[in-house]
Amino acid sequence: AMLDPERGLSLTIARVVQRLQGSSLHSQLERQARVSLHKPEIKLESLKEDIKDFLKTSGWEKKLQNAVYSELNVFPSPCHPAAPPEHIKEPLAYMRKAQGSWEKRILKSLNSMCTELNIPLAQKRPVNEQKELLNKWNEMGTDEPDLSLFRPVYAPKDFLEVLMNLRNPNYENGEQPSFRNHLGLIQVPLKVKDIPELKEDFSELGLNIGQLGIDDSAQVPPEFFENEHVRIGQKVLAEQDSAAAQQYVRQGCPTALRADLWALILNISNQPEDILYYEQLKSNVIQHDLLVDSLIYKDVKLTASNDDYYFVFEDYLYQVLLCFSRDTSVLEHFTYSSATPPKSYIQGKLGMEEYAVFYPPNGMINYNSFILSVAPLCFLYHEPSKLYQIFREMYVRFFFRLHSISSHPSGIVSLCLLFETLLQTHLPQLFYHLREIGAQPLRISFKWMVRAFSGYLATDQLLLLWDRILGYNSLEILAVLAAAVFAFRAVNLMEVTSLAAAEAVLADLSTLKVMPLLQIFLFATVT
Amino acid sequence: FRIMAGKVKWVTDIEKSVLINNFEKRGWIQVAENEDWNFYWMSVQTIRNVFSVETGYRLSDDQIVNHFPNHYELTRKDLMVKNIKRYRKELEKEGSPLAEKDENGKYIYLDFVPVTFMLPADYNLFVEEFRKNPSSTWIMKPCGKAQGKGIFLINKLSQIKKWSRDSKTSSFVSQSSKEAYVISLYINNPLLIGGKKFDLRLYVLVSTYRPLRCYMYKLGFCRFCTVKYTPSTSELDNMFVHLTNVAIQKHGDDYNHIHGGKWTVSNLRLYLESTRGKEVTNKLFDEIHWIIVQSLKAVAPVMNNDKHCFECYGYDIIIDDKLKPWLIEVNASPSLTSSTANDRILKYNLINDTLNIAVPNGEIPDCKWNKSPPKEVLGNYEVLYDEEMAQSDGPDRDLRSRPGQSTGVKGSRARDSGKPVLTTWK
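Residues numbered from 1 in each chain as written. Chains lettered and ligands numbered in written order. Predicted model: local features only at pLDDT ≥ 70, side-chain atom pairs only at ≥ 80, totals over all residues. Heavy atoms only, no water.

Please set out the sheet that holds strand E5 (residues 116-119) of chain B residue by residue, giving values where relevant.
All names here are of chain B. Read from one edge to the other, the open sheet built from four strands follows the order E5-E8-E6-E7, with strand pairing classed as antiparallel. The outermost strands of the open sheet, each flanked by one partner alone, are E5 and strand E7 (152-154). In this sheet, adjacent strand axes meet at a mean angle of 30 degrees when their direction is disregarded. Pairing of strand E6 (residues 138-142) with strand E8 (residues 181-185) involves five bridges; the strand directions are antiparallel. Counted as the bridge partner of Met140 is Ile183 from E8. Each of E5, E6 and E8 touches helix H4 (residues 77-93); the most contacted strand, E5, lies at about 130 degrees to it. (Pairing = 2+ DSSP bridges. Helix = DSSP H or I, 4+ residues; strand = E, 2+ residues; numbered from the N terminus. Axes fitted to C-alpha atoms, helices over the stretch in contact; angles between N-to-C directions. Contact = heavy atoms within 4.5 Å.)

This is how it looks when you write it as structure tokens:
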């Protein structure tokens, strides 16, 4: 149901106010206002105006602006006030149903593993074990627990199968002939953008606009673009303006400024209470052992420990993920995610709501897919609580959409469809050829997108790509890049005759330069 | 019967595929040592024989070898330190600004080797220094060994009682070089990444010492310790924590064969720029280039600058947590064994680029050539210092070469600035 803009605006305002009320920012603003009463420039006759001016000049108004901006970025626009909460999670009923079935399946897998191994989902750690864990908190990577019996709850391949089987029961084949011709793996009629629309959305990536990742290369004198861009970046940081930062990073972040720019966009300031919260999570980890911890260990060992770049940060990954699994504030994101956290019941009280808890505390079971999304952040942040907050915010803003079934334009289903559509429309020969030889392109590119390319690109290139995710507040660029990679290697791909050979051509992305690829695909390819 | 004239004839006593594949791909012909050869990639034992008084022989104009006769002036730990100390004193004597000292008497620009003494000869001097800092840790290294063999740490004088005894014996006792040790102050505040200690391995090619012409390989790497670094004294005996030589690390329980605990230098650069900022990172890399060039200048006067020779050194450098680089040692025969697939590729390319510079056009060499290769053949090397070019220019020439992004991140910026007065370097 469409909402008139004014009604939508007031609903949005009401929601933002409700969310910020009672936050630490709110109490800090109140305190600042009270403190300002002692200042000579605050006069009783013009109290309200004077305080407002004071908050502006002291930078507090900017902090409030950033917080509001952050809320607007994260939460979707409100729908009709009569719409039930599940519509905010996911408006399409069949998608909700599919996500529900998928979750049931995962939970079943987890529970059976539990029963098989006779391990409780959670138990309190004995005191000596607690001490031991505290001592080796910074080097959990050297631990070698026996993980042979644990298996990841699901593999990316399983998830892809589920997405391939999605069908809209209300959809009749005859209605949209263009979609009937869709020959990819995804068979649901979601609306995705075409290249003209993408060109508009990603206009800052155009050929006439300077980019980091292109115009800072060795052959280009820095006076052309790089120096000025760095100067602007420093200014944006000095002003502490989230919105400006988000606009700025569309052209890429200078390496020295990236950590601060991302923190500004994500509105992370690492206040004392944030550090305290992290320490609290850490002590939760020490005190209680969760089954999911073993799954985390296993997943880290399988993914990051063997990576050329990320192996160094193995220990940080354990710290971040173990804390993450205990973080109940993550439950908040389920209001706008199509996923629902699994519930567990105290032993013997199955089905009794008063004995239900979310398991694990943050509602997330499978870590395999997003461990690699923590690792690149270790290149930017080496203070644990800041690293943690940045990761958490990145997850609840972006990466969660890669692991749940939804109709959101940045959801994995839309990304897959966008990728396939781009490929089929603009490289039809390649698409048909690969399909003919049993190498549906999505089978290869799925793992790239579901991991936001982490573990496939060189780190500096990955960071340039994620600059744009933050800048455009969307994951669509992942699908565009995936298509651009296929376009880049089209000549070799046309010559392969099997899925394995196609995989081989696309096995090594570590030498790719993402920005030229994106630019050429969007702006320099004749359509 | 093919006419072989015109093809380079090669010999080696190091059976490594990265070498042999490179020779074969150039169409060179393998011959035996006693035959006529043009190119001999030899081990350090062999070079000793070639240039020794008893067994040595003259090399002809069309013969090239991969070591300088007395490379040990740089590559033996005790001689390297001796030459650097001598160099500094000479600069001080001539009043050079390079030899400037700070208020604590430390060289501002030339303090890049950790305090080192020879044992047993300098035992008493060492004790004096040790007592100034009794809680310090020192690392004992045998002068003549490589790959981390025979190295151990001490933090108590009693642990090196043996050398105290030896120093008191008659001064006519000749110490065979096998028993001589150097003892250096251990860098106990290394820069840690992910909580792990690492060192830098950089490759430097020297084609001539007088005039000094040297190249740095852009694709150096960091070698990480597999076990978490802790400065605690109980860990002193755990060599896996402290030593970063791959040969030792390979046997640690945690050693991972897929990545071999290495990072490229560009990764390091990305990490440092992102977490510490661009200026301090640039400063660090400038300093690293600086200390390499200074170490070469220090030994240049005593090096036998035989025109048949070139040499590819493996420099080991440790960065401390104040981002100061320290020269630990220089290897004459950097390992050509590969621990991973990436490693194999790197070493293959290293040899390839080295041969392109040392043996121009892959043709039979003439050792009298000017040793000035054109820029196109440098490959992944960049000019680190060219004394001839530096002296021919008047003003400081700041050649900021920003190398290609083969790994996507700008590599080290080698400066080719001439004058020792360091407006560009410091």
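How would you summarise the domain arrangement of chain B if you had to cite specific residues and measurements?
Here chain B is described as being made up of domain 1 (9-66), domain 2 (73-113 + 190-389) and domain 3 (115-156 + 178-186). With centres defined by C-alpha atoms, the gap from domain 1 of chain B to domain 3 of chain B works out at 36 Å. (Domains from an automatic or database assignment.)

If you had to explain the environment of A:Gly471 to someone new, which residues and values would you point to?
Along the polypeptide, A:Gly471 turns up in helix H21 (residues 459-472). Once the C-alpha coordinates of A:Gly471 and A:Ala245 are considered, the two residues, 226 residues apart in sequence, prove to be 7.9 Å apart.

How would you explain the packing of helix H2 (residues 24-36) of chain A against helix H3 (residues 47-57) of chain A if you had to name every residue and give the values?
Residue and element names in this part refer to chain A. Running from N to C, H2 and H3 point in directions that differ by 115 degrees, and their axes come no closer than 10 Å. For the pair H2 and H3, the crossing hand works out as right-handed. Along the contact surface, H2 presents Leu29, Gln32, Ala33 and Ser36, while H3 presents Ile51, Phe54 and Leu55. Residues belonging to the contact of H2 with H3 are distributed by class as follows: five nonpolar, two polar and no charged. (Left-handed = near helix turned anticlockwise from the far one by under 90°. Nonpolar A, V, L, I, M, F, W, Y, C, P; charged D, E, K, R; others polar.)

Tell me about the packing of aromatic side chains, and please be specific about residues and values.
One pass over the structure, following the stated rule, counts 46 aromatic pairs over all chains. The interplanar angle of 70 degrees and the centroid separation of 4.9 Å between the aromatic rings of B:Tyr217 and B:Tyr381 together place this pair among those described as edge-to-face. Residue B:Tyr217 is found in strand E11 (residues 212-217), and its partner B:Tyr381 is found in strand E16 (residues 381-386); the two are separated by 164 residues along the sequence. B:Tyr381 carries the same exposure label as B:Tyr217, and that label is buried. One aromatic cluster is present, formed by A:Phe311, A:Phe313, A:Tyr316, A:Phe379, B:Phe198, B:Phe224, B:Trp263 and B:Tyr271 through successive ring pairs. Above the face of the A:Trp60 ring, A:Lys63 is positioned so that its terminal group lies 4.5 Å from the ring centre. Seen from the ring of B:Phe285, B:Arg269 lies directly overhead, with NZ or CZ sitting 4.5 Å from the centre. (Phe/Tyr/Trp six-rings, centres within 6.5 Å; stacked < 30°, edge-to-face > 60°. Buried < 20%, exposed > 50% of the residue type's maximum accessible area, 1.4 Å probe, protein only. Lys NZ or Arg CZ within 6 Å of the ring centre and 35° of its normal.)

Give a description of the sheet that holds strand E2 (residues 29-30) of chain B that names residues and reports values.
All names here are of chain B. Strand order in the open sheet formed by four strands is E2-E1-E3-E4, and the pairing between neighbours is parallel. Taken across any chain shown, the strands that pair with only one partner, and hence form the sheet edges, are E2 and strand E4 (64-65). Judged from the two bridges that link them, strand E3 (residues 39-41) and E4 form a sheet pairing that is parallel. Bridge pairing links Tyr40 to Val65 in E4. Against the sheet, helix H1 (residues 17-25) contacts strand E1 (9-12) and E3, and its axis sits at roughly 175 degrees relative to E1.

Outline the pattern of salt bridges, listing residues and values.
Between side chains of opposite charge, a pair can form when the charged atoms approach closely. Enumeration according to the criterion identifies 38 salt bridges over all chains in this entry. With a shortest N-O distance of 2.8 Å, A:Glu228 and A:Arg231 are connected by a salt bridge. You can see A:Glu228 and its partner A:Arg231 sitting in helix H11 (residues 226-239), three residues apart, about one turn around the helix. B:Asp78 is the salt-bridge partner of B:Arg76, the closest N and O atoms lying 2.5 Å from each other. Here the salt bridges do not stand alone but share partners, grouping A:Arg125, A:Glu129, A:Asp289, A:Asp293 and A:Arg326 into one network. (Salt bridge = Lys/Arg side-chain N within 4 Å of Asp/Glu carboxyl O.)

Which residues make up the confidence of the model for chain B, and what are the values?
Residue and element names in this part refer to chain B. Chain-level pLDDT for chain B is 80 on average; 78% of the residues reach the 70-or-more range. A low-confidence stretch, residues 170-178 (pLDDT under 50), is modelled with four contacts involving residues beyond four sequence positions or located in other chains. In this model, residues 394-426 is a region of pLDDT below 50 whose contacts with residues beyond four sequence positions or in other chains number 90 contacts. (pLDDT = per-residue confidence, 0-100.)

Help me get a handle on the pairing of E1(B), residues and values and all.
Residues and elements named next belong to chain B. Relative to E2, E1 is paired through two bridges, and the arrangement is parallel. Bridge assignment links Trp10 to a residue of E2, and that residue is Gln30. Crossover handedness for the path E1 to H1 to E2: right-handed. As judged from the three bridges shared by E1 and E3, these two strands associate in the parallel manner. Note on E3: the bridge partner recorded for Val11 is Tyr40. (Right-handed = clockwise from strand over helix to strand, strands pointing away.)

Can you explain the nonpolar core? Please cite residues and give values.
All names here are of chain B. Counting 232 residues, the largest nonpolar core has Tyr209, Trp263 and Leu296 as its most contacted members. Each residue touching Leu296, except ones within four places of it in the same chain, is listed here: Leu74, Val204, Val206, Tyr209, Leu212, Cys214, Tyr313 and Tyr315. Counting residues in each nonpolar core, the second largest holds 28 residues, with Phe39, Cys312, Leu346 and Leu378 among its members. (Core = buried A, V, L, I, M, F, W, Y, C linked by side-chain atoms within 4.5 Å.)

Go over helix H9 (residues 265-276) of chain B, please, and point to the residues and values.
Residues and elements named next belong to chain B. Taking 1.5 Å as the rise per residue, H9 with 12 residues should run 16 Å; its terminal C-alpha atoms sit 16 Å apart, in good agreement. Counting buried residues along H9, 11 of its 12 residues qualify, which places the element largely inside the surrounding structure. Turning to H9, its buried residues number three or more, namely Val265, Ser266, Asn267, Leu268, Arg269, Leu270, Tyr271, Leu272, Glu273, Ser274 and Thr275. One or two steps after H9, the chain reaches Gly277, where phi turns positive at roughly 105 degrees. (Expected span 1.5 Å × (residues − 1).)

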